[in-house]
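Okay, here's what each chain looks like letter by letter:
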Amino acid sequence: MWETLGNLGAGFAASLEPLNFLMILAGLAIGIVAGALPGITMLNSIVLVLPFTYLMGIVPSLLLMTSIYIGGVFGGSITGILFNIPGDPMNVPTTWEGYQLNKKGQVRLALGMAIMASAIGGFLSALILTFASPPFAKVALTFSTVEYFAVVLLGLASVVVIGQVSIAGALISLFAGMFLGTIGTEAQYGITRFAFGVNFLETGVDFVTVLIGLFAIGEVLDQLSAVKGPAGGDAATPATARAQLPSPRQLWALRGSILRGLGTGVVIGAIPGTGATVASFVSYGLEKQVSKHPERFGTGVLEGLTASETSVNASTGGAMIPLLTLGIPGSGATAVMMGAFLLHGVQPGPLLFSKSPHEVYTIFVGMLLANLIMIVMGLIAARCFAQLMKVPEPILAAFIIAFCFLGAYALRNDMSDVWMTMLFGVLGFFMRRYNLPIPPLILGIILGPLAEQYFLTSMVSHGNDVTVFFTRPVSAAVLLTTVGLLVWPALRWRFGRRRAYEVKKA
Amino acid sequence: MRSLRGAIGPALILVAAAGLFVAAGRLPVVPVPGQLGPDFWPRLVLIGLMGSCVLKLLEVARAREPAAEGGPSLPLAVPKLATGMALVLGYPALAPLLGFPLTNVLFLLAFMRLVGMRRPLPLVVTAVLGTVALLYVFVKVVYLPLPKGAGVMEDFTIFLYRLLRIF
């Protein structure tokens, strides 16, 4: 406890260093703007800054990215409330209630409540992360490669949750990513796999080029390809909008919604493969179920907005727990952050807490600070956003691609990385069109090589005896959870079909 | 018809995965007793990929409402998309020849025009000033050795850098 507090003090001092503090402010600003602009997701913006973090140390890099994450998950609620345009899918439940509140003339309260709920959810989840992670990491230190393989397998199996459209599509995407992870020089024997004589493939496919291409360029091409219908509607689009922070009494009245949103956000965020979108929909649904007036949901109910907004930001702290303690990214955003760790030669996992406590606690404090500063930034953003929304789409789209070019080139000063990025961009477009989810591919390319390494090492250590994965208790429990994760959607699908059939029959 | 279109992607991936599976068997392996070879893991992954493709093909075949699962359902602006893809792929192709500054101006002009920016003056001003800003940040501040072009274009890029006082 005292050790944790001491580390927190040191982390607090470090996060107030000019560069680190600047990164928190810059990250929040980028995140809020990117999250709010439809078409640029929070994830895209984290991906776009990733190559530029080469120039910084690990701490400012991670502070920049976590602040983008925190600002980004909140940002989309501003445009959702103001214009009925959620910046990200995770902001959809907020939009359902927030925009209705706007139409009722309560836009200031809706914006203020969204800001406060996000800040409270994010701050408390960062506190939970701070105090829950070290003991969890101590347990994780007793793991061998057998347990790690089981945990990585659990992370890979989470695609059934990520790929909600089609499990088969998600699996194709996952295995394709895992295959991309096998390209290049293999560690155990030192032979080159699947390079087919292409020089730059011998060093493997850089996952940063895959990330930038699939997410950023694929998204631009997807928007470009859309046949645009008539724009507009009856949305109330105030030229300027000021948020009014709720009074302590109003917040106290909504304490149940805040706590439920916090619990849902942290737990769902910590489950690999879920993230803020699932958290926001689950917490909104839960709030509707516990409400005495569920029929009012969708007409501008503050409880619905508060719960979903709290859970979205609470998921940020939750998602960092498996990343920092096990080295397993729990969401697309944390997968990119894992990339940032690896770019700086730091392996996230339990050893991180003993090897780099300074860095870890600076990130924790940075997250706490970012959530507090977000209250001020959110108020400013709400005022300015009507103007920022006017950035023309052509400028935005063209400059995103220019930044992708520069970001990919900056990796190794090599045009082959730019080519890879652009080609993966085209692939990203087709994946979107053919309903192949992209996050499983990212999960595959990052976790695939880890799974191979842990599996082969376990096999060497245990004489190719695969039963070792089932005889060690932690590994067996994790594998059982993995089986549950895989079987549950199939059962749900089966029962869903039966219910639909019975309804049809009736 | 739409079901058939939805099956093309998984079918192509299935064929590619089968080809790669065969290629994995030809890896120059010197087997170490008691150890799995370097082809073991890729083959396992490719079996998973082929299995998933089969699953997807079955899903497409069984889908009663093809629009939901069978493939793309939203209308496509094909000429615009094709031009966009050509620009995205032409950008890295031209940069080593023309140099980053000129390629970037041309790319920004073409792409912004394609997305819908019509008025020539803002188009040119944004493309030129945007490129100058990028050059300042990435060449002057970050020291990124961006492609200068080939032959006379390299001289032009260096001249431009000197003019902007970033070289």
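Being a predicted model, the structure only gives us computed values, none of them experimental.

Chemist: How would you explain the overall build of chain B if you had to name every residue and give the values?
Modeler: Looking only at helices and strands, chain B features seven helices and zero strands. Secondary structure elements of chain B, listed N to C terminal, follow the sequence α-α-α-α-α-α-α. Whereas a compact globule of 167 residues would reach a radius of gyration of roughly 15 Å, chain B reaches 25 Å, over 25% beyond that. By its C-alpha atoms, chain B is 60 × 50 × 25 Å across when sized along the principal axes. Residues counted as buried form 39% of the 167 residues belonging to chain B. Considering only residue pairs separated by 6 or more positions, chain B has 61% of its internal contacts joining residues 24 or more positions apart. For chain B, the exposed surface amounts to about 8,900 Å²; the carbon and sulfur share of it is 72%.

Chemist: I'd love a proper account of the overall build of chain A, names of residues and values included.
Modeler: Assigned secondary structure in chain A consists of 22 helices and two strands. Per-residue burial for chain A yields a buried fraction of 59% across its 506 residues. Taking the intrachain contacts of chain A between residues at least 6 apart in sequence as the baseline, contacts between residues at least 24 apart amount to 79%. Summed over all atoms, the accessible surface of chain A reaches about 19,300 Å², with 66% contributed by carbon and sulfur.

Chemist: Provide a residue-level description of the packing of helix α12 (residues 255–270) of chain A against helix α14 (residues 302–326) of chain A, including the pertinent values.
Modeler: Helix-helix packing is characterised by the crossing angle of the two axes and by the distance between the axes. Residues and elements named next belong to chain A. Interaxial distance between α12 and α14 falls to 6 Å at its minimum, and their mutual angle equals 35°. Note on packing geometry: the crossing formed by α12 with α14 is right-handed. Seen from α12, the contacting residues are Ser257, Ile258, Gly261, Leu262, Gly265, Val266, Gly269 and Ala270; seen from α14, they are Glu303, Thr306, Ala307, Thr310, Ser311, Ala314, Ser315, Gly318, Ala319 and Pro322. When the residues that make up the contact of α12 with α14 are grouped by side-chain class, the tally is eight nonpolar, nine polar and one charged.

Chemist: Give a detailed account of the interface of chain A and chain B, specifying residues and quantitative values.
Modeler: Listed per partner, the contact involves 64 residues of chain A and 65 residues of chain B. Summed over both sides, the interface of chain A with chain B buries roughly 5,600 Å², with 80% coming from carbon and sulfur. Here chain A and chain B share zero salt bridges between them. Remark: the boundary between chain A and chain B carries four residue pairs in polar contact (both at pLDDT 80 or more). Put simply, the parts of the chain that give the side of chain A that touches chain B at least two residues each are α9 (167–180), β2 (192–193), α10 (207–225), α18 (393–412), α19 (415–433) and α20 (439–461) of chain A. Take the side of chain A that touches chain B: its biggest share by element is 13 residues, from α18 of chain A. Partitioned by chemical class, the residues of the side of chain A that touches chain B number 49 nonpolar, ten polar and five charged.

Chemist: I'd like a description of the side chain of Ser67 of chain A, backed by residues and values.
Modeler: All names here are of chain A. Residue position: Ser67 is located in helix α4 (residues 58–83). Residue classification places Ser67 among the buried residues on the basis of a relative accessible area of 1%. Excluding anything up to four places from it in sequence, Ser67 contacts Met23, Ile24, Gly27, Leu28 and Ala370.

Chemist: How would you explain the packing of aromatic side chains if you had to name every residue and give the values?
Modeler: Using the criterion set out here, one finds 18 aromatic pairs over all chains in the structure. Taking the centre distance of 5.3 Å and the plane angle of 80° together, the rings of Tyr361 of chain A and Phe364 of chain A count as edge-to-face. Taken as a pair, Tyr361 of chain A and Phe364 of chain A lie in helix α17 (residues 357–388) at a separation of three residues, close to a single helical turn. A relative accessible area of 3% places Tyr361 of chain A in the buried class. With a centroid separation of 5.8 Å and an interplanar angle of 5°, the aromatic rings of Phe455 of chain A and Phe40 of chain B are classed as stacked. Of this pair, Phe455 of chain A sits in helix α20 while Phe40 of chain B sits in helix α2 (residues 40–62), which puts the two residues in different chains. By relative accessible area, Phe455 of chain A is classed as buried at 9%.

Chemist: Kindly report on the pattern of salt bridges, identifying the contributing residues and their values.
Modeler: When their charged atoms lie close together, side chains carrying opposite charge are able to pair. All names here are of chain B. A complete count under the given rule lists six salt bridges over all chains for this structure. With its nearest N and O atoms 3.4 Å apart, the salt bridge here joins Glu59 to Lys56. Residue Glu59 and its partner Lys56 are both found in helix α2; the two are separated by three residues, about one turn of the helix. Take Glu59: its relative accessible area is 25%, and that puts it in the partly exposed class.

Chemist: Summarise unusual backbone geometry; cite the residues concerned and give the values.
Modeler: Residue and element names in this part refer to chain A. A positive phi angle, near 55°, is found at Phe194, a position not held by glycine. Position of Phe194 relative to the elements: it lies in the loop between β2 and α10. Note on Phe194: relative accessible area 6%, which makes it buried. Positive phi values are uncommon outside glycine, yet Phe196 reaches one of about 50°. Position of Phe196 relative to the elements: it lies in the loop between β2 and α10.

Chemist: How would you summarise helix α1 (residues 2–15) of chain A if you had to cite specific residues and measurements?
Modeler: Residue and element names in this part refer to chain A. Spanning 14 residues, α1 covers 20 Å between terminal C-alpha atoms, matching the ideal 20 Å at 1.5 Å per step. All buried positions along α1 are accounted for by Thr4, Leu8, Gly11, Ala14 and Ser15. What you see down the axis of α1 is that its buried residues fit within an arc of 120°, all on one side.

Chemist: Can you break down the nonpolar core residue by residue, with the values?
Modeler: If you look at the biggest cluster of nonpolar residues, it comprises 191 residues, and the most contacted ones within it are Phe111 and Leu146 of chain B. When residues in this core are grouped by element, the largest group, 16 residues, is from α17 of chain A. When near neighbours in sequence (up to four residues on either side) are disregarded, Phe111 of chain B contacts Val220, Leu224, Ala397, Ala398 and Ile401 of chain A together with Gly84, Leu87 and Val88 of chain B.

Reading guide: rules and limits
Numbers given for residues are sequential positions, taken from 1 along each chain in its written order. The order in which chains are written sets their letters, starting at A; the order in which ligands are written sets their numbers, starting at 1. Restriction of local features to residues with pLDDT of at least 70 applies here, the model being predicted, together with a cutoff of 80 or more for giving and counting side-chain atom pairs; totals for whole chains, interfaces and linings are based on all residues. Side-chain measures here rest on the full set of heavy atoms in the structure, leaving out hydrogens and waters. Only DSSP runs of H or I reaching four residues or more are called helices, and only runs of E reaching two or more are called strands; each is numbered from the N terminus. As a reference, a globule follows 2.2 Å times the number of residues to the power 0.38, and the radius of gyration itself is taken over C-alpha atoms. Only protein chains enter the accessibility calculation, which uses a 1.4 Å probe. A residue is then buried if its area is under 20% of the maximum for its type, exposed if over 50%, and partly exposed in between. Contact definition: two residues touch when any of their heavy atoms are within 4.5 Å. Calculation of accessible area relied on Shrake-Rupley with a 1.4 Å probe; when residues are assessed, cover is drawn exclusively from the protein chains displayed. For helices, the fitted line uses only the C-alpha atoms of the stretch in contact; every axis is such a line through C-alpha atoms, and the angle between N-to-C directions lies from 0 to 180 degrees. Helix crossings get a hand from a simple test, with the near helix turned counterclockwise from the far one by less than a right angle marking a left-handed crossing and a clockwise turn marking a right-handed one. Under the scheme applied here, ten amino acids are nonpolar (Ala, Val, Leu, Ile, Met, Phe, Trp, Tyr, Cys and Pro), four are charged (Asp, Glu, Lys and Arg), and all others, including Gly, are polar. Buried surface area refers to the total accessible area, computed with a probe of radius 1.4 Å, that the two partners give up upon joining, counted for both partners together. We define a salt bridge as a side-chain nitrogen of Lys or Arg found within 4 Å of a carboxyl oxygen belonging to Asp or Glu. Polar contact criterion, stated in full: a pair of N or O atoms within 3.5 Å, where within protein one must be able to donate a hydrogen and the other to accept it, and residues adjacent in sequence count only if both atoms are side-chain atoms. Within 6.5 Å between ring centres, the rings of Phe, Tyr and Trp (the latter by its six-membered ring) count as paired, and their orientation is classed by plane angle as stacked under 30 degrees, edge-to-face over 60, tilted in between. For a helix, the expected span equals 1.5 Å multiplied by the number of residues minus one. Starting at the helix axis, one direction is taken to each C-beta atom, and the arc is that of these directions. The definition of a nonpolar core used throughout is a set of buried Ala, Val, Leu, Ile, Met, Phe, Trp, Tyr and Cys residues joined through side-chain atoms within 4.5 Å.

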